[in-house]
Amino acid sequence: MFKLIGSVLIILSSSSLGYMIGMRYSMRVREIKLLKISLQMLETEIAYSNTPLPEALKIVCKKSKHPINIIFNKAAANLGKKDCVSVGDAFCKSLDDAKGMYSLIDEDIDILKSFGHSLGSSDVDGQIKSFSLIIKELDAQEVKAEEMRKKNENMYKNLGFLAGVAITILLI
């Protein structure tokens, strides 16, 4: 009886671990889509509403979904503290501070950091060009993330279950 209960617990826990690892791939695709939407909102606030950048970041934070809103909230807070030299530094610091809260990979973060350094450093036309460039880069990252999701998500889910079965067989 105890072996059966232990076997079921081992299989359930390893399956759960496989599902959690597999879900990171789906979450990355979702977060890139949310990030593109949030950046388009930021572009609208800066280019067409002429909202100052700290206020625009706060507005986008309120309209964005979790966990992407954390990036904009921390960037606005960093600008408010005035301990960052530039907008790019504030944006990069917000990405670093929120690193464990999202599923983005280092390549995604590097793209966002390079975009952050272009924020507030040119006129409105330059900003619009920066926004269109990052949207194109994020489109490419979204395609890559979707390919990785298709390739790896089911593999990790199945691997978790099969690892639990293998451990159970070894213990019995």
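Scroll up to find the structure this text is about.
What counts, and where the lines are drawn
- Residues numbered from 1 in each chain as written.
- Predicted model: local features only at pLDDT ≥ 70, side-chain atom pairs only at ≥ 80, totals over all residues.
- Heavy atoms only, no water.
- Helix = DSSP H or I, 4+ residues; strand = E, 2+ residues; numbered from the N terminus.
- Expected span 1.5 Å × (residues − 1).
- Buried < 20%, exposed > 50% of the residue type's maximum accessible area, 1.4 Å probe, protein only.
- Contact = heavy atoms within 4.5 Å.
- Axes fitted to C-alpha atoms, helices over the stretch in contact; angles between N-to-C directions.
- Parallel < 35°, antiparallel > 145°, perpendicular 65-115°, else oblique.
- Nonpolar A, V, L, I, M, F, W, Y, C, P; charged D, E, K, R; others polar.
- Salt bridge = Lys/Arg side-chain N within 4 Å of Asp/Glu carboxyl O.
- Patch = residues over 30% accessible without salt bridge, like charges linked within 9 Å, V, L, I, M, F, W, Y side chains within 5 Å.
- Areas by Shrake-Rupley, 256 points an atom, 1.4 Å probe, with all protein chains shown as cover.

Caption draft 1: Seen up close, helix 3 (residues 68-81). Across its 14 residues, helix 3 extends 21 Å between first and last C-alpha, which sits within 8% of the 20 Å expected from 1.5 Å per residue. Taken together, the buried positions of helix 3 are occupied by I68, N69, I70, I71, F72, A75, A76, N78 and L79. Where helix 3 is buried, its residues touch helix 1 (2-47), helix 2 (53-63) and helix 4 (87-97).

Caption draft 2: Expanded view of the packing of helix 5 (residues 106-118) against helix 6 (residues 124-171). Interaxial distance between helix 5 and helix 6 falls to 10 Å at its minimum, and their mutual angle equals 175°. Classified by the angle between their axes, helix 5 and helix 6 sit roughly antiparallel to one another. Contacts between helix 5 and helix 6 involve E107, D108, I111, L112, F115 and S118 from the first element and Q127, S130, F131, I134, E137, Q141 and K144 from the second. Looking at the contact of helix 5 with helix 6 residue by residue, the classes come out as 5 nonpolar, 4 polar and 4 charged.

Caption draft 3: Just the pattern of salt bridges, in detail. Counted under the stated rule, the structure contains 12 salt bridges. For E45, the salt bridge goes to K63, with nearest N and O atoms at 3.7 Å. Remark: K63 occurs in helix 2 and E45 occurs in helix 1; sequence separation between them is 18 residues. Looking at E45, the relative accessible area reads 11%, which means it is buried. One salt bridge connects R149 with E146, and the closest N-O pair in it is separated by 2.6 Å. Taken together, the residues R149 and E146, both in helix 6 and 3 residues apart, mark about one turn of the helix. Look at E146 and you get partly exposed, because its relative accessible area is 23%. Via salt bridges that share partners, K33, K36, D139 and E142 belong to a single interconnected network.

Caption draft 4: Looking closely at a nonpolar patch on the surface. Together, M1, L4, I5, V8, L9 and L12 make up an exposed nonpolar region whose accessible area comes to about 650 Å². Its place among the elements puts L4 in helix 1.

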